[in-house]
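Listed below are the residues making up each chain.
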Amino acid sequence: MLTHVVTYAPEEPVHDADIEDINKEAFGPGRFTRAAYRIREGGPHDRNLSFVAMNGAYVVGSVRLTPILIGTTPAMLLGPLAVRPAWKKQGIGAALMRKSIETARLAGHKLIILVGDEPYYAPFGFRQIVGHQIEMPAPVEPSRFLACELEPRVLKDVQGRVRHADSGGR
Ligand SMILES: CC(C)(COP(=O)(O)OP(=O)(O)OC[C@H]1O[C@@H](n2cnc3c(N)ncnc32)[C@H](O)[C@@H]1OP(=O)(O)O)[C@@H](O)C(=O)NCCC(=O)NCCS
């Protein structure tokens, strides 16, 4: 049915209000205190690697990627990922994940981290970060601290404080 057709596009400023709506509904007021939000506060996400799922002009899902530094290593932080309740379980979240990861890979990025549920993210290549010396700006449940290596073993020697790439050494 035409009304259920979903298309995917890089995010643009015109989508901002809809995305805010979707994230508010998905994560509630608690989203502002999360470690990942604290990092994203440090600067903009990368719209070229952030995607929306659209039904016509209506945004039904969104994923964002934000450039970060872990110590001195550049990486990307994935999230928020959210799909409007009425549009869940149709593969939209998975399509947004694949698009953002593949675009990041093609752009030369080597590492993506996120805070989320491993059962959902494992099929896209995310694994729990084990035995790391990576410091997030707020406490994170270890089982939810995940990474996807876009180049083999790139995580091996990564250590240090996670912050937005624009915040430099701060
Ligand atoms: C997570 C989310 C983006 C998935 O979007 P979606 O378009 O429904 O995803 P898909 O259609 O690709 O996949 C749906 C499957 O993922 C499962 N799933 C959804 N959230 C999950 C989670 N947190 N952990 C494990 N599995 C999950 C669903 O049960 C469903 O399983 P099924 O196919 O066996 O029925 C969506 O449920 C959402 O917006 N949730 C609220 C925001 C959120 O929690 N985001 C971060 C996730 S940690």
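What you are looking at is a predicted structure, and each value in this text was computed from that prediction instead of being measured.

Scoring rules and cut-offs
Residues numbered from 1 in each chain as written. Predicted model: local features only at pLDDT ≥ 70, side-chain atom pairs only at ≥ 80, totals over all residues. Heavy atoms only, no water. Near = heavy atom within 4 Å. Polar contact = N/O pair within 3.5 Å; in protein donor to acceptor, adjacent residues only side chain to side chain. Areas by Shrake-Rupley, 256 points an atom, 1.4 Å probe, with all protein chains shown as cover. Helix = DSSP H or I, 4+ residues; strand = E, 2+ residues; numbered from the N terminus. Nonpolar A, V, L, I, M, F, W, Y, C, P; charged D, E, K, R; others polar. Phe/Tyr/Trp six-rings, centres within 6.5 Å; stacked < 30°, edge-to-face > 60°. Salt bridge = Lys/Arg side-chain N within 4 Å of Asp/Glu carboxyl O. Buried < 20%, exposed > 50% of the residue type's maximum accessible area, 1.4 Å probe, protein only. Expected span 1.5 Å × (residues − 1). Arc of directions from axis to C-beta. Contact = heavy atoms within 4.5 Å. Core = buried A, V, L, I, M, F, W, Y, C linked by side-chain atoms within 4.5 Å.

Whenever I open this one, the site of the ligand confuses me. Can you help?
Around the ligand lies a shell of 17 residues, among which V83, K89, G91, G93 and D117 are the nearest. Here an oxygen atom of the ligand and a backbone polar atom of G93 are 2.7 Å apart. In the environment of the ligand, an oxygen atom lies 2.9 Å from a nitrogen or oxygen atom belonging to the backbone of A94. Isolated, the ligand exposes 850 Å² of accessible area, and the fraction of that covered by the protein chains is 66%. When contributions to the shell around the ligand are tallied by element, the ones reaching two or more residues are α1 (16-27), β4 (73-83), α3 (92-106) and α4 (118-121). Of the residues assigned to the shell around the ligand, the class counts are ten nonpolar, four polar and three charged.

When you look at the packing of aromatic side chains in this model, what are you seeing that I'm missing?
The description of an aromatic ring pair uses the distance of the two centres, along with the angle that the planes make with each other. Under the definition given, this model contains three aromatic pairs. An angle of 90 degrees between the planes, with centres 5.2 Å apart, marks the rings of Y120 and Y121 as edge-to-face.

Where do I start with the pattern of salt bridges in this structure?
Evaluated as defined, the whole model comprises eight salt bridges. Residue R47 pairs with D16 through a salt bridge whose shortest N-O separation is 3.0 Å. Of this pair, R47 sits in the loop between α2 (35-40) and β2 (51-55) while D16 sits in helix α1; the two residues are 31 residues apart in sequence, bridging distant segments of the chain. Classification of R47 by relative accessible area gives partly exposed; the value is 26%. Here D16 and R64 are joined by a salt bridge, their closest N and O atoms 3.4 Å apart. Of this pair, D16 sits in helix α1 while R64 sits in strand β3 (residues 58-70), and the two are 48 residues apart along the sequence. In this structure, a network of salt bridges that share partners links the residues E11, D16, R47 and R64.

Help me understand α1 in this model?
Residue pairs three or four apart in sequence face the same way in an α-helix, which turns once every 3.6 residues. For α1, spanning twelve residues, the distance from its first C-alpha to its last is 16 Å, which sits close to the expected 16 Å at 1.5 Å a residue. Here α1 has its buried residues at I19, I22 and N23. With its buried residues spanning 95 degrees around the axis, α1 presents them on a single face. Seen from the open side of α1, the exposed residues pointing more than 90 degrees away from its buried face are A17, K24 and E25. On the buried face of α1, the contacting elements are β2, β3 and β4. Downstream of α1 by a residue or two, G28 has a phi angle that is positive, lying close to 65 degrees.

Hey, could you run me through the nonpolar core in this one?
Soluble globular proteins tend to pack their nonpolar side chains together in the buried interior. Counting residues in each nonpolar core, the largest one holds 25 residues, and the members touching the most others are L78, L96, M97, I112, Y121 and F126. Those elements that place two or more of their residues in this core are β2, β3, β4, α3, β5 (111-115) and β8 (145-149). With six residues, the single largest contributor to this core is α3. Those residues in contact with Y121, other than ones at most four positions away along the chain, are L78, L81, M97, L114, G116, F126 and L146.

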